[in-house]
Amino acid sequence: MAARRPVDDTTSHGPRGTGYGALLRTPRAWTFLLPALVARLPYAMLSLGIVLLVHDTTGSYGLAGAVAAAAAVSQALIGPQTGRLADRYGQAAVLVPAVVVHACAVAALIVLARAGAPEWTLFLAAAPAGASVPQVGAMVRARWVHRLGERPALMNTAFAFESVTDEFTFVIGPMLATGIATLVDPSAGLAAEATLTLLGGLAFAARRDTAPAPTGPAAPGDRRASALSSPGVRLLAGAFLGLGTVFGTLQVSITAFAEDAGSGGLSGLVYGLFATGSMVAGVLYGLVPWRSSARQRMVACYALLVLGCSTLWAMPNLVALTVAGLFCGLAIAPTLITGFTLVETLVSDGAKTEAFTWLTGSIGLGLALGSTAAGQLIDRSGPSLGFTVALAGSGLGLVALVTMRRLLLVPAPATRTVARGGAVREEAAPAARRG
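All of these numbers come straight from a predicted model, not from anything done at the bench.

Trainee: Outline the packing of helix α12 (residues 294–309) against helix α17 (residues 388–404), listing residues and values.
Mentor: Contact geometry for α12 and α17: axes closest at 9 Å, N-to-C directions at 160°. Here α12 is positioned roughly antiparallel relative to α17, judged by the angle of their axes. Between α12 and α17 the crossing geometry is left-handed. Facing α12, whose interface residues are Met298, Val299, Tyr302, Ala303, Leu305, Val306 and Cys309, α17 presents Ala390, Leu391, Gly393, Ser394, Gly395, Gly397, Leu398, Leu401 and Val402. Here the residues of the contact of α12 with α17 are counted per class, giving 12 nonpolar, four polar and no charged.

Trainee: Any details on the packing of helix α11 (residues 267–287) against helix α14 (residues 332–346)? Residues and values, ideally.
Mentor: At their nearest, the axes of α11 and α14 sit 6 Å apart, and the two run at 50° to each other. Here α14 runs oblique to α11, going by the angle between their axes. Residues Phe274, Ser278, Ala281, Gly282 and Tyr285 of α11 lie in contact with α14, whose contacting residues are Ile332, Ala333, Pro334, Ile337 and Thr338. A breakdown of the residues in the contact of α11 with α14 according to their chemical character gives seven nonpolar, three polar and no charged.

Trainee: Could you give an account of the state of the cysteines, naming the residues involved and the relevant values?
Mentor: On inspection of all chains with the given rule, the structure shows zero disulfides. Of the cysteine sulfurs around Cys309, a residue in no disulfide, the closest is that of Cys328, at 3.9 Å. The class for Cys309 is buried, based on a relative accessible area of 0%.

Trainee: Quick rundown of the pattern of salt bridges? Include the residues and the values.
Mentor: Note on pairing: side chains with opposite charge can pair once their charged atoms come close. Inspection of every chain in the model, using the stated rule, returns six salt bridges. A salt bridge links Arg40 to Glu162; its shortest N-O distance comes to 2.5 Å. You can see Arg40 sitting in helix α2 (residues 29–40) and its partner Glu162 sitting in helix α8 (residues 155–183), a full 122 residues away along the chain. Across the pair Arg207 and Asp209 runs a salt bridge, and its minimum N-O distance is 3.0 Å. By sharing partners, the salt bridges in this structure join Arg28, Arg207 and Asp209 into a single network.

Trainee: Summarise the packing of aromatic side chains; cite the residues concerned and give the values.
Mentor: Each aromatic ring pair is summarised here by two numbers: the centre-to-centre distance and the angle between the ring planes. Applying the stated criterion to the full structure yields six aromatic pairs. The interplanar angle of 85° and the centroid separation of 5.7 Å between the aromatic rings of Phe240 and Phe340 together place this pair among those described as edge-to-face. Here the residue Phe240 occupies a position in helix α10 (residues 231–260), and Phe340 occupies one in helix α14, the gap between them amounting to 100 residues. Residue classification places Phe240 among the buried positions, given a relative accessible area of 0%. For Phe340, a relative accessible area of 1% puts it in the buried group. Members of the aromatic cluster, connected to one another through ring pairs, are Phe159, Phe240, Phe340 and Phe356. One residue, Arg141, lies across the ring of Phe340, its end atom 3.8 Å from the ring centre. Seen from the ring of Phe204, Arg143 lies directly overhead, with NZ or CZ sitting 4.0 Å from the centre.

Reading the values: the criteria
- Residues numbered from 1 in each chain as written.
- Predicted model: local features only at pLDDT ≥ 70, side-chain atom pairs only at ≥ 80, totals over all residues.
- Heavy atoms only, no water.
- Axes fitted to C-alpha atoms, helices over the stretch in contact; angles between N-to-C directions.
- Helix = DSSP H or I, 4+ residues; strand = E, 2+ residues; numbered from the N terminus.
- Parallel < 35°, antiparallel > 145°, perpendicular 65-115°, else oblique.
- Left-handed = near helix turned anticlockwise from the far one by under 90°.
- Contact = heavy atoms within 4.5 Å.
- Nonpolar A, V, L, I, M, F, W, Y, C, P; charged D, E, K, R; others polar.
- Disulfide = S-S within 2.5 Å.
- Buried < 20%, exposed > 50% of the residue type's maximum accessible area, 1.4 Å probe, protein only.
- Salt bridge = Lys/Arg side-chain N within 4 Å of Asp/Glu carboxyl O.
- Phe/Tyr/Trp six-rings, centres within 6.5 Å; stacked < 30°, edge-to-face > 60°.
- Lys NZ or Arg CZ within 6 Å of the ring centre and 35° of its normal.

This is how it looks when you write it as structure tokens:
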């Protein structure tokens with residue numbers, strides 16, 4: 001048998017003329033995209049809503065960041081498991097109970113915070129609230145893989161579209177959470193988050209006709225490998241962990257910086273502009289017929305992210321911070337798009353939702369670490385120093401990518417010896433279908 005040779009097959013960009021228009025003309029695409037948008041919008045509201053509510057009731061950014069971190073950690077740990085269950089039993093079977101539990105947990109958190117309950121009870125409510133966040137983004141990406149099985153050239157466009165959608169929610173979500181918290185009450189912001197999650201999640205789950213078929217429960221003795229068994233998936237999860245620290249740091253630090261400047265109501269707008277920069281970059285990224293490999297683009301985009309984070313801590317006022325955050329955001333969506341493009345090539349069809357969820361879960365865990373560390377630094381040394389957490393987290397992620405980037409190479413199919421008509425020759429072994 002011939003030796004296996006690693007190749008990077010992510011440079012293919014298919015026929016010209018494919019783009020967002022062709023993607024959105026995919027049959028029945030809008031039937032799952034619209035409810036998914038409603039269900040994903042609250043994703044960017046939960047952590048910021050928790051920070052606003054807990055700070056309002058306790059006066060501590062450290063505690064607020066820690067409670068938000070508890071939700072993010074539980075999401076990071078449980079999310080991939082729900083993704084694996086969705087691969088096996090179907091998306092609707094996981095989504096429906098998840099959104100119901102989420103609404104109940106968020107309601108409990110609001111009641112406890114408003115009642116002045118002991119601090120430890122806030123963590124008890126935040127943990128199930130985070131664990132039950134529906135992994136709609138990963139499920140939508142799995143649906144695109146399922147729907148585009150005969151049109152692989154559109155896959156990069158689909159992931160670009162999804163990252164732009166993610167960033168759109170990070171533009172609207174923080175502004176919505178902050179606006180409701182400022183104009184009505186911090187608890188109303190979280191209540192809106194739970195309501196949108198419940199309604200959007202149920203509507204998305206109802207569109208079973210566009211979901212990939214479940215693989216079914218494992219048979220006795222069948223040990224299906226987790227997506228995390230791939231070294232490349234583990235490396236990308238680590239890189240996305242660093243990316244998550246940027247989100248967590250900025251949510252807490254921008255809020256504290258705006259409060260310190262006497263403009264607390266503008267924190268959602270500033271964070272929204274950061275996400276706007278990412279959204280614009282994602283749109284443009286999806287239009288380019290890239291000739292460099294996704295592995296090379298991943299390192300380059302991540303390096304630009306680190307460069308953007310290196311300036312945030314030195315900004316003298318809110319206007320300068322807004323401009324710096326806008327430019328920092330330009331690297332976010334391209335990094336996300338490239339990471340999801342890579343991970344889709346590294347796992348089999350029956351593990352794609354789980355693989356996507358490991359990446360989103362890593363972002364959530366990084367968000368938890370970033371918000372906790374930044375909150376502690378802010379309480380001790382002021383808001384500017386909190387931004388250094390983003391630089392440290394993204395810097396470590398870049399080091400990991402640069403030193404271990406070979407793990408992102410996709411192994412070539414093994415060859416096998418075949419005898420036909422008296423002749424013996426080498427043929428490529430059947431490769432796993434790529435969706």
